[in-house]
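# Analysis of the macromolecular model
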Amino acid sequence: MGSYTNLLESKVDAAIVEVLGFRVFSDNLSKIPINNPQCITINTISPNSYGISTKDAQFDRALKSSDYLVLDGVYFALAAILLKGRNIKRNQGPDVFYHFIERLNIEGGKVFFLGSSNTTLKKIEARATVDYPNLKLELYSPPFKDAFSEEENDDMVERINAFKPDILFVGMTCPKQEKWVVQNHSQLQAGLAISIGNVFDWYAGTQKAIHPIWFKLRLGWLIRIFLRPEIFRRNIGNQMIF
């Protein structure tokens, strides 16, 4: 990825915690630049995504190839405490979303939402237009399928590049979104490409959002079980075991 990536790596090495083969960013999100000459990727890691990565080599590579891998499910941090004696700063999906969209709104810029349904995207647009009046928005709902055709993939890249967003938020569910971001970032004319998954529905109001206090108490996962028991049943086999 060239000299720019090498410079980027040198700036964040001090904020990296290496654990279980992953380099996790453990610092304030304000340290991550938005306006980049090359698209920079941000993905998250949780006990669930770690579990999936042990069975999905492509997903494992995507997480490890992210420019910034931040802590979503806080219990992944237990591995760093037990194995390294270091804690990892929590930067969960909602934290990442609100930090970057609020930061860009101060300066003014462009945001592209890729993923979810047209209904959800329209609700995101209606709310974001009020919440962040200094932003220009573009949205696209890709086909709901496990894998995209080359034509579908090219169409998404072309739509994004025609808009040239400062930030691209991707919400296609894990692990599809992380794979897509890493596979396509070199073609994207965007400052940041960020996978935030379920945040699309929380912000749109199509699913009940988890109150920030539960994330601060590190119990967001428990509340999500009550709100979305089908996700717990689907992913229980993926959970990380130390």
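As shown above, the structure is provided for reference.
Below is a short write-up of the structure. (Residues numbered from 1 in each chain as written. Predicted model: local features only at pLDDT ≥ 70, side-chain atom pairs only at ≥ 80, totals over all residues. Heavy atoms only, no water.)

Below, the discussion takes up the pairing of strand S6 (residues 135-140). Two strands pair when backbone bridges link them, and strand S5 (residues 109-115) and S6 are joined in this way by 6 bridges, in the parallel orientation. Bridging across to S6, Lys110 finds its partner in Lys136. Regarding the hand of the β-α-β motif, the stretch spanning S5, helix H6 (residues 118-131) and S6 is right-handed. (Pairing = 2+ DSSP bridges. Helix = DSSP H or I, 4+ residues; strand = E, 2+ residues; numbered from the N terminus. Right-handed = clockwise from strand over helix to strand, strands pointing away.)

Tallied over the entire structure, the rule returns 10 aromatic pairs. An angle of 70° between the planes, with centres 6.2 Å apart, marks the rings of Tyr98 and Tyr203 as edge-to-face. Linking Tyr98 in helix H5 (residues 93-107) with Tyr203 in helix H9 (residues 199-204), this pair joins segments that are 105 residues apart in sequence. Given a relative accessible area of 2%, Tyr203 falls into the buried group. A network of ring pairs unites the aromatic residues Phe97, Tyr98, Phe113, Phe169, Phe200 and Tyr203 as a single cluster. The residue whose ring lies beneath Lys110 is Phe163, and the NZ or CZ to ring-centre distance is 5.1 Å. (Phe/Tyr/Trp six-rings, centres within 6.5 Å; stacked < 30°, edge-to-face > 60°. Buried < 20%, exposed > 50% of the residue type's maximum accessible area, 1.4 Å probe, protein only. Lys NZ or Arg CZ within 6 Å of the ring centre and 35° of its normal.)

The next point concerns the nonpolar core. In this structure, Phe100, Phe113, Ile167, Phe169, Leu192 and Ile194 are the most contacted members of the largest nonpolar core, which totals 34 residues. Among all residues touching Phe100, those that are not within four sequence positions of it are Leu29, Ile32, Ile34, Ile42, Ile167, Phe169, Leu192 and Ile194. In this structure, Val157, Phe163, Val181 and Ala193 belong to the second largest nonpolar core, which totals 17 residues. (Core = buried A, V, L, I, M, F, W, Y, C linked by side-chain atoms within 4.5 Å. Contact = heavy atoms within 4.5 Å.)

With that settled, consider helix H4 (residues 77-84). Among the residues making up H4, those that are buried are Ala77, Ala79 and Ala80. Taken down its axis, H4 places every buried residue within 155° of arc, on the same side. Two residues or fewer after H4 comes Gly85, characterised by a positive phi angle close to 70°. (Arc of directions from axis to C-beta.)

Now for unusual backbone geometry. A negative phi angle characterises most non-glycine residues, just as the trans form characterises most peptide bonds. For the peptide bond that leads from Cys174 to Pro175, omega is 10°, which places it in the cis range. Secondary-structure assignment places Pro175 in the loop between strand S7 (167-171) and helix H8 (176-184). Backbone geometry at Leu20 places phi at a positive 55°, although glycine is not the residue there. With a phi angle near 50°, Lys164 is a residue other than glycine that sits in the positive phi range. Examined against the element boundaries, Lys164 turns out to sit in the loop between helix H7 (150-163) and S7. Judged by relative accessible area, which is 46%, Lys164 ranks as partly exposed.

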